[in-house]
Amino acid sequence: MSRIAYVNGRYLPLAAAQIRVEDRGFLFGDGIYEVVYVNRGRFVDAEKHLARLERSLREVRIAMPVGRPALEGILREIVERNRIRDSGLIYIQITRGAARREHVFPQAGTRPTLVVTARALASFPKDVDTWATGIVTGPDQRWARCDIKTVNLLPNVLAKQAAKEAGAFEMALVDEAGMVTECASSNIWIVDAAGRLRTRPLGHDILPGCTRAALAELLAGERLTLEERAFSLDDLRAAREVFITSATSFVRPITRIDGATVGEGEVGPVTRQLFAAFSRHVQGGLPNAA
Ligand code: PDD
């Protein structure tokens, strides 16, 4: 069955869906996006993703092309039309629209472009041990507003490709002070050498992950406390446990960094507990109202 895309009011087979050559997303990366995980008809952390989408748009001064209820309707429709019953992701992109190529904003009234696609994913991982993976480390070469989820992802693309070529899944990015910011497409957490659960505080240098926020809310019920305090590359290498979070990585254990094992090279107890807690968060609850 062919996949269906939503583009500016129309649902079309992916191969037939088009945007204009002068779309500013294409020309300048002048747009923002979101990725939402859908599990058995339920949009995981939808409220957080839609709030971040609206915030990203405000920060770059792009108007929301449709209201929130209409967008939610499009999300439900795209999942239905792509027949995603079990596990999948929804991709939403909004750009400043199509106009003659000039850096300054196009004239008032230029309609933002809205694209929504969806695709099936493998089922939510059952086994945390086989979900574990490896990362490499490298310099953070991104801009100064990484808190905005823009489609300007060239440094992230290069980092992720370098990780792949090194046989790893992700790259942990390190700033000029030797501190870890986040990964190319996920946030990163550690249980440090002293046993403290840590992740970098929010700021302009990382994306405020929706999975990060959801997991932070689950911690009280797990009798765990979080220290939002930056950690260095040395702290990362000395950590007892390391894991990453994102809409499609969930809580993903990291057992190798630059080829060296983390701790004993096994998934640690805190990561195991948080994977289980997040798994309940994903699988629990009711489907979205139709
Ligand atoms: N990436 N940091 C970066 C740089 C990201 O690109 C992402 C998400 C995250 C985690 O955010 P969240 O928990 O809200 O997914 C952190 C998405 C999945 C992507 O680009 O495909």
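Scroll up to find the structure this text is about.
This text gives an overview of the structure that appears in the document.

So, how was this worked out
Counting restarts for each chain: residues are numbered from 1 in the order of the written sequence. Only residues with pLDDT of at least 70 are given local features in this predicted model, and only at 80 or more are side-chain atom pairs given and counted; all residues enter the totals for whole chains, interfaces and linings. To get the side-chain values, take all heavy atoms of the structure and skip hydrogens and water. The term nonpolar core refers to a set of buried residues drawn from Ala, Val, Leu, Ile, Met, Phe, Trp, Tyr and Cys, joined through side-chain atoms within 4.5 Å. Exposure is judged per residue with a 1.4 Å probe applied to protein chains only, and the accessible area is read against the type maximum: over 50% gives exposed, under 20% gives buried, and values in between give partly exposed. Numbered from the N terminus, helices here are DSSP runs of H or I no shorter than four residues, and strands are runs of E no shorter than two. Any two residues having at least one pair of non-hydrogen atoms within 4.5 Å are treated as being in contact. If even one non-hydrogen atom of a residue comes within 4 Å of a molecule or strand, that residue is called near it. Nitrogen and oxygen atoms within 3.5 Å of one another constitute a polar contact, given that in protein one can donate a hydrogen and the other can accept it, and given that sequence-neighbouring residues count only through two side-chain atoms. For every accessible area listed, the method is Shrake-Rupley and the probe measures 1.4 Å; residues are considered covered only by the protein chains on display. Points on a 1 Å grid, built from protein atoms alone, make a cavity when a 1.4 Å probe fits but cannot get out and make a pocket when they are open with protein on both sides within 12 Å along at least 5 of 7 lines; residues with an atom within 4 Å of a point are the lining residues. Being in a pocket or cavity means that more than half of the molecule's atoms lie within 2 Å of its grid points. For this classification, the nonpolar set comprises Ala, Val, Leu, Ile, Met, Phe, Trp, Tyr, Cys and Pro, the charged set comprises Asp, Glu, Lys and Arg, and every other residue, Gly included, is treated as polar. Grid points are joined across faces, edges and corners, and a volume is the space filled by probe spheres set on the points.

**Digging into the nonpolar core**
So, point 1. The biggest cluster of nonpolar side chains holds 24 residues, and the ones touching the most others in it are F43, L53, L75, I90, I92, L114 and V116.
So, point 2. Where this core is concerned, the elements lending two or more residues are β3 (31-39), α2 (46-60), α3 (68-81), β5 (87-95) and β6 (113-120).
So, point 3. Apart from the residues lying within four places of it in its own chain, the contact partners of L53 are I32, E34, M64, L71, I92 and I94.
So, point 4. Counting residues in hydrophobic clusters, the runner-up holds 21 residues, among them A132, L219, F250 and V270.

**Structural notes on the site of the ligand**
So, point 1. Around the ligand, the structure places 19 residues, and the nearest of them are Y33, E182, C210, T211 and A247.
So, point 2. Y33 places a polar side-chain atom, nitrogen or oxygen, 2.7 Å from an oxygen atom of the ligand.
So, point 3. S185 places a polar main-chain atom, nitrogen or oxygen, 3.3 Å from a nitrogen atom of the ligand.
So, point 4. Contact with the protein chains covers 89% of the free accessible surface of the ligand, which is 480 Å².
So, point 5. In this structure, the ligand is accommodated by the largest pocket.
So, point 6. Within the residue set of the shell around the ligand, elements represented by two or more residues are β3, α2, β9 (180-183), α6 (210-218) and β13 (241-246).
So, point 7. In the shell around the ligand, the residues fall into seven nonpolar, eight polar and four charged.

**Concerning the layout of surface pockets**
So, point 1. Size it by volume and the largest pocket reaches roughly 1,000 Å³.
So, point 2. Lining of the largest pocket is provided by 45 residues; of these, Y33, K149, S185, S186 and S246 occupy positions nearest its centre.
So, point 3. Looking at the lining of the largest pocket, the elements with two or more residues in it are β3, α2, β5, α5 (154-165), β9, α6 and β13.
So, point 4. A breakdown of the residues in the lining of the largest pocket according to their chemical character gives 23 nonpolar, 15 polar and seven charged.

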